[in-house]
Amino acid sequence: MAYEELTVAVLGPGGTGGLLAALLSRAGHRVICLAGYETADTLRTAGIRVRSETFGDFTAHVEADTTLREPVDACLVAVKHTTLDAALDRVPPATLGDGLVVPLLNGVEHPAALRTRYRPDRVAPAVIRVESTRVAPGVIEHGSPFAEVDLTGEGVPRERLDALAEALTAAGPTTRVLPDESAALWAKMSFLAPFALLTTRHGLSLGDVRTKYREELTALVEETAKVSDACGGPADPAQALARYDSFPHGMKSSMQRDAEAGRPLELDAIGGALLRAAERHGVEAPVTARLVRELRDAGH
């Protein structure tokens, strides 16, 4: 396939969205960041500065606005679940038209909601594995030695998915197109849920959780795998534990970072969704239920 220059909107140019926006811009694509007035003004004038051992330190020029005002090839949705409804007002369906909607959100329930608002055959859910943080408007610190994207989308034309995957891979993040949307979303969910719930509940990094709370981690991983299996996702607890063990000791979940900063947590999108799926399929999930209850009781 010949190189194709894309026009990509990024809704929510934070840790994840800002990194992808900067990488795509550096690779020669036209990028329009959608954010609040002050953030958009900062991005227009100063660009996005990235600090990354993997991709280097660089500044990328981007366009920025508070609302999408023209059609784009794809709109990457990189806001938190807690702000999704309000943020989508920046992307009018009539303006987006034929463009792909590519949510990079945690959880498994958002694609259905997006398909009620945008063309169902243009909603292409993606899963990203990365640790990247916005330390100030337009300043991104990419902390993980990896950035990987799984792109999927039932009913979305394969050539559209392939074109976006090729652009992302050439820009930096290794991107693959997967045929099974549910399996792709649950692969992320079954890994993320134990990581997010336990690091947040105990206020500890992944390294401390996997040593001090190994038994609880193992029980939660096994529980999550059963729910994932019932939903058509992967179910390999040993593999999940091995992945946790391979990650840097100091790694934190985004939910934990939100808790530390006093921001609303994606507790319902992760823990709540896991419990709802468990209930639908008749799977017992007592560890998840307890952790979600304890986090809610703590004011989250």
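Structure first, text after, so check above.
Below: a short report on this structure.

## Brief notes about the sheet that holds strand 7 (residues 100-103)
Here is step 1: An order of 5-2-1-6-7 is seen for the five strands of this open sheet, with the pairing classed as parallel. Both outer strands of the open sheet, strand 5 (63-65) and strand 7, are each paired with one neighbouring strand and no more. On average, each strand axis in the sheet is inclined to that of its neighbour by 20°, with strand direction left out of account.
Here is step 2: As defined by bridge partners, strand 1 (residues 7-11) adjoins strand 6 (residues 74-77) across four bridges and the pair is classed as parallel. Within the sheet, the bridge partner assigned to A9 lies in strand 6 and is C75.
Here is step 3: Relative to strand 5, helix 2 (residues 37-46) is tilted by about 165°, and along the sheet it contacts strand 2 (30-34) and strand 5.

## Looking at the packing of helix 7 (residues 181-202) against helix 9 (residues 214-230)
Here is step 1: Look at helix 7 against helix 9: their axes get within 9 Å of each other, and the N-to-C directions meet at 150°. Classified by the interaxial angle, the pair formed by helix 7 and helix 9 is roughly antiparallel. Helix 9 is crossed by helix 7, and the crossing has right-handed handedness. Between helix 7 and helix 9, the residues in contact are W186, M189, S190, P194, L197, L198 and H202 and E216, L217, L220, V221, T224, V227 and S228, respectively.
Here is step 2: Split into classes, the residues belonging to the contact of helix 7 with helix 9 amount to nine nonpolar, four polar and one charged.

## Some thoughts on the pattern of salt bridges
Here is step 1: Under the counting rule described, the total for this entry stands at 27 salt bridges.
Here is step 2: Note that R30 is salt-bridged to E63, the shortest N-O span being 2.7 Å. Taken together, the residues span a long stretch of sequence, with R30 in strand 2 and E63 in strand 5 at a distance of 33 residues.
Here is step 3: Between R117 and D89 there is a salt bridge, with the nearest N and O atoms lying 3.3 Å from each other.

## Overview of the sheet that holds strand 9 (residues 132-136)
Here is step 1: Taking strand neighbours across the sheet as the criterion, the four strands line up as 4-3-10-9 in an open arrangement whose pairing is mixed. If you trace the sheet from one side to the other, it starts and ends with strand 4 (58-60) and strand 9, each paired once. When strand polarity is set aside, the average angle formed by the axes of neighbouring strands in this sheet is 25°.
Here is step 2: As paired strands, strand 3 (residues 48-52) and strand 4 are joined by three bridges and run antiparallel to one another. Among the inter-strand pairings, I48 is bridged to a residue of strand 4, identified as A60.

## Some words on the environment of G138
Here is step 1: With respect to the helices and strands, G138 occurs in the loop between strand 9 and strand 10 (139-142).
Here is step 2: By relative accessible area, G138 is classed as buried at 4%.
Here is step 3: Along the backbone, G138 and A60 are 78 residues apart, and their C-alpha atoms lie at a distance of 9.7 Å.
Here is step 4: With near-sequence residues (within four places) excluded, G138 lies in contact with L43, G47, I48 and R49.

## With respect to the packing of helix 7 against helix 13 (residues 286-297)
Here is step 1: One way to put it is that helix 7 packs onto helix 13 with a least axis distance of 10 Å and a crossing angle of 45°. Overall, the two elements helix 7 and helix 13 adopt an arrangement that is oblique. Considering the relative orientation of helix 7 and helix 13, their crossing is left-handed. Two secondary-structure elements touch here, helix 7 through L197, L198, T200 and R201 and helix 13 through T288, L291, V292, E294 and L295.
Here is step 2: Partitioned by chemical class, the residues of the contact of helix 7 with helix 13 number five nonpolar, two polar and two charged.

## Brief notes about the nonpolar core
Here is step 1: L24, C33, I48, L76, V102, L151 and L164 are the most contacted members of the largest nonpolar core, which totals 41 residues.
Here is step 2: Counting residues in hydrophobic clusters, the runner-up holds 40 residues, among them A193, L198, L206 and Y244.

## Focus on the packing of aromatic side chains
Here is step 1: Counted by the stated rule, this structure contains four aromatic pairs.
Here is step 2: Ring centres of F191 and Y244 lie 4.8 Å apart, and the angle between their planes is 20°; on these two criteria the pair is classed as stacked. With F191 in helix 7 and Y244 in helix 10 (residues 237-246), this pair connects stretches of sequence that are 53 residues apart.
Here is step 3: In this structure an aromatic cluster arises from ring pairing among F146, F191, F195, Y244 and F247.
Here is step 4: The ring of F58 is capped by R26, whose NZ or CZ atom sits 3.9 Å from the centre of that ring.
Here is step 5: If you follow R243 out to its NZ or CZ, it ends over the ring of F191, 4.2 Å from the centre.

Definitions and limits used
- Residues numbered from 1 in each chain as written.
- Predicted model: local features only at pLDDT ≥ 70, side-chain atom pairs only at ≥ 80, totals over all residues.
- Heavy atoms only, no water.
- Pairing = 2+ DSSP bridges.
- Helix = DSSP H or I, 4+ residues; strand = E, 2+ residues; numbered from the N terminus.
- Axes fitted to C-alpha atoms, helices over the stretch in contact; angles between N-to-C directions.
- Contact = heavy atoms within 4.5 Å.
- Parallel < 35°, antiparallel > 145°, perpendicular 65-115°, else oblique.
- Left-handed = near helix turned anticlockwise from the far one by under 90°.
- Nonpolar A, V, L, I, M, F, W, Y, C, P; charged D, E, K, R; others polar.
- Salt bridge = Lys/Arg side-chain N within 4 Å of Asp/Glu carboxyl O.
- Buried < 20%, exposed > 50% of the residue type's maximum accessible area, 1.4 Å probe, protein only.
- Core = buried A, V, L, I, M, F, W, Y, C linked by side-chain atoms within 4.5 Å.
- Phe/Tyr/Trp six-rings, centres within 6.5 Å; stacked < 30°, edge-to-face > 60°.
- Lys NZ or Arg CZ within 6 Å of the ring centre and 35° of its normal.

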